[in-house]
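Structure assessment
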Amino acid sequence: MDEGQWPAVRDLLEQAFGRRTEAHWESTAERVRPATAAGRQFGVFEGDRLVGTALIHDMTQWWYGRPVSMGGIGGVAVAPDARGRGIGRALMTGVLERCAALGYALSMLYPATTPLYRSLGWEHAGALHKAALPAEALRTVRAEPVEVRRAGPADAAEVVRTIGRVHRDAGHCGPVGWDEERWRGTLAGSDYFYLAGDGFLHYRWGEGNGSLEVKKLVAASERTSRGLWALVGSGSSVARTVHADVAPHDPVFWMLRERQSEEVHRDRWMLRTVDAPKAIQDRGFPAGVSAEVPLIVEDAQLSANAGAWRLIVKGGEGRLERAAAEPGAVRLRAGGLAALYAGVPASTLRAAGLLDGDAPELDAVFAADPFALDFF
């Protein structure tokens, strides 16, 4: 689809997800413009009428400290009166084929409903964790002064480098990476952005100014992490609560003076392997783990992934090599491979019917606690 069809897309998205402000739609149109120009906005039509739409974001996703190419699927909607007729399935089948043609190793999405995506090979993998923290507790975080500066569109390249450095050095699994163009648009907004030497903070006021929302806070050092959280906590004279997108084991939980319980909401996301050999090759693995495991992959949608393979992992590197089918090979459906890739234990996948066979070393190979810091 092209930019001139945006009004029809907007109308369909409003029918699917509810009314939004004019400012919201203006910013959304600006964010999706590069994807539309690159041929990554899709539509299903009945005659001249748009009845289904979806978008592919050009992204990377960090796995054990390495960026893997990923098509992030968003804005999936079908007109209410056209549902139940296979339009969603046709749309997502085409989107998946396009992801493969564009060379993505992986695809990720936040599901509004699970069965459709699961039937096409996406599977639950990780979550976006939203924690509610007392602003006063953050104000009391012990911190030394940290030099920070406000960031703007001209800092897009540095923001990308800083965020990437944190995810790489920490060996994170799951966070997504946006390109400089997307960050330039984000940094031009009215939220608050701060850069430190080895950290980045993005936050804003919540509705009614009674709370603060931390959209992203990453830091490579303890000093910077404490300093940025203390900066957020300095708003406690007005805000009572801080709603923050965090890692499940975010350092902030261990910085708080008191911690008895916490409120954490999880938005689940799903993952799919689009190019299985590339996804394995580009992913990082624990340096001390070595394994060779025969696999058989069932993938009805992407035949290039299907068949017999040998998974070889050594020295932090991995690869999938074509092989003859072996007795005792671990058999995986497409969704099972995606979930295993994300660190879901083999015993869980076996109990859920997504994996057949036994190879205990798989849990050590794919060990991960995936999370996201971005919703799209």
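Now for a description of the structure that goes with this document. If you're wondering where the values come from, they're calculated on a predicted model, not measured in any experiment. (Residues numbered from 1 in each chain as written. Predicted model: local features only at pLDDT ≥ 70, side-chain atom pairs only at ≥ 80, totals over all residues. Heavy atoms only, no water.)

The helix and strand tally for the chain stands at 13 helices and 17 strands. Looking at the chain residue by residue over its 376 residues, the buried ones come to 51%. If you take every contact in the chain between residues at least 6 apart in sequence, the share linking residues at least 24 apart comes to 71%. If you sum the accessible surface of the chain, you get close to 16,900 Å²; carbon and sulfur atoms cover 49% of it. Averaged over its 43 positive side-chain charges, the chain has a centre that lies 1 Å from the centre of its 47 negative ones. (Helix = DSSP H or I, 4+ residues; strand = E, 2+ residues; numbered from the N terminus. Buried < 20%, exposed > 50% of the residue type's maximum accessible area, 1.4 Å probe, protein only. Contact = heavy atoms within 4.5 Å. Areas by Shrake-Rupley, 256 points an atom, 1.4 Å probe, with all protein chains shown as cover. Lys, Arg positive; Asp, Glu negative; His and termini not counted. Charge placed at Lys NZ, Arg CZ, Asp CG, Glu CD.)

Further remarks concern the pattern of salt bridges. Enumeration according to the criterion identifies 28 salt bridges in this entry. When the shortest N-O distance is used, the salt bridge between Arg-49 and Asp-81 registers 2.7 Å. Placement of the pair is Arg-49 in strand E2 (residues 49–63) and Asp-81 in the loop between strand E3 (66–78) and helix H3 (87–101), with a sequence separation of 32 residues. Classification of Arg-49 as partly exposed rests on a relative accessible area of 37%. The partner of Lys-215 in a salt bridge is Asp-245, with the nearest N and O atoms 3.4 Å apart. Residue Lys-215 is located in strand E10 (residues 211–219), and its partner Asp-245 is located in strand E11 (residues 241–246); the two are separated by 30 residues in the primary sequence. The exposure class assigned to Asp-245 is buried, which follows from its relative accessible area of 7%. (Salt bridge = Lys/Arg side-chain N within 4 Å of Asp/Glu carboxyl O.)

Across its twelve residues, helix H1 (residues 6–17) extends 16 Å between first and last C-alpha, which sits within 8% of the 16 Å expected from 1.5 Å per residue. Regarding H1, the residues found buried are Trp-6, Val-9, Leu-12, Leu-13 and Glu-14. (Expected span 1.5 Å × (residues − 1).)

Moving on, we come to the layout of surface pockets. Reported here for the second largest pocket is a volume of approximately 230 Å³. Around the second largest pocket sit 17 residues that line it, and Val-166, His-172, Ala-219, Asp-250 and Pro-251 are the ones nearest its centre. Secondary-structure elements contributing two or more residues to the lining of the second largest pocket are helix H6 (156–170), E10 and helix H8 (222–233). (1 Å grid on protein atoms, 1.4 Å probe; cavity = no way out; pocket = protein on both sides within 12 Å on 5 of 7 lines; lining within 4 Å. Points joined across faces, edges and corners; volume = space filled by probe spheres on them.)

This part takes up the sheet that holds strand E17 (residues 355–356). Across the sheet, five strands lie side by side as E15-E14-E13-E16-E17; this open sheet has mixed pairing. The sheet is open, and its two edges are formed by strand E15 (317–322) and E17, each paired on a single side. Direction of pairing for strand E13 (residues 291–298) relative to strand E16 (residues 330–333): parallel, over a ladder of four bridges. Residue pairing for E16: Leu-295 is matched across the bridge by Val-330. (Pairing = 2+ DSSP bridges.)

As a further point, take the pairing of strand E9 (residues 199–205). For E9, the buried fraction is high: five of the seven residues fall into the buried class. With five bridges joining them, strand E8 (residues 192–196) and E9 adopt antiparallel strand pairing. Residue Leu-195 lies in a different strand from E9, and its bridge partner there is Phe-200. Here E8 hands over to E9 after two residues, the two strands then running antiparallel side by side. Bridge analysis of E9 against E10 gives seven bridges, and the strand direction is antiparallel. In the strand pairing of E10, Gly-199 is matched with Ala-219. Hairpin geometry of E9 and E10 is characterised by an intervening segment of five residues between the two adjacent antiparallel strands and by a positive phi of about 75 degrees at Gly-208.

Next up on the list: the environment of Thr-93. With respect to the helices and strands, the residue Thr-93 is situated in helix H3. A relative accessible area of 25% places Thr-93 in the partly exposed class.

This next bit is on the packing of H1 against helix H2 (residues 22–37). Two numbers describe how H1 lies on H2: the axes approach to 12 Å, and their chain directions differ by 125 degrees. For the element pair H1 / H2, the angle class is oblique. Crossing of H1 against H2: the hand is right-handed. Across the interface between the two elements, Trp-6, Arg-10, Leu-13 and Glu-14 from H1 touch Glu-22, Trp-25, Thr-28, Ala-29 and Val-32 from H2. Looking at the contact of H1 with H2 residue by residue, the classes come out as five nonpolar, one polar and three charged. (Axes fitted to C-alpha atoms, helices over the stretch in contact; angles between N-to-C directions. Parallel < 35°, antiparallel > 145°, perpendicular 65-115°, else oblique. Left-handed = near helix turned anticlockwise from the far one by under 90°. Nonpolar A, V, L, I, M, F, W, Y, C, P; charged D, E, K, R; others polar.)

Our next topic: the nonpolar core. Among the nonpolar cores identified, the biggest contains 61 residues, and Trp-63, Leu-106, Met-108, Phe-200, Leu-271, Tyr-341 and Phe-366 are the most heavily contacted of them. In terms of residue count, the dominant contributor to this core is helix H11 (residues 334–341) (five residues). Apart from the residues lying within four places of it in its own chain, the contact partners of Tyr-341 are Trp-63, Val-68, Leu-106, Leu-271, Ala-279, Ile-280, Arg-283 and Phe-366. In terms of nonpolar packing, the next biggest core, distinct from the first, is built from 35 residues, Trp-25, Ile-56, Val-95 and Val-274 among them. (Core = buried A, V, L, I, M, F, W, Y, C linked by side-chain atoms within 4.5 Å.)

Let us look at the packing of aromatic side chains. Counted by the stated rule, this structure contains 13 aromatic pairs. Residues Tyr-194 and Tyr-203 carry aromatic rings whose centres are separated by 6.5 Å and whose planes lie at 15 degrees to one another, so their mutual orientation is stacked. When sorted by exposure, Tyr-194 lands in the same class as Tyr-203, which is buried. Taken together, a centroid distance of 6.5 Å and an interplanar angle of 75 degrees make the contact between Phe-253 and Trp-254 edge-to-face. (Phe/Tyr/Trp six-rings, centres within 6.5 Å; stacked < 30°, edge-to-face > 60°.)

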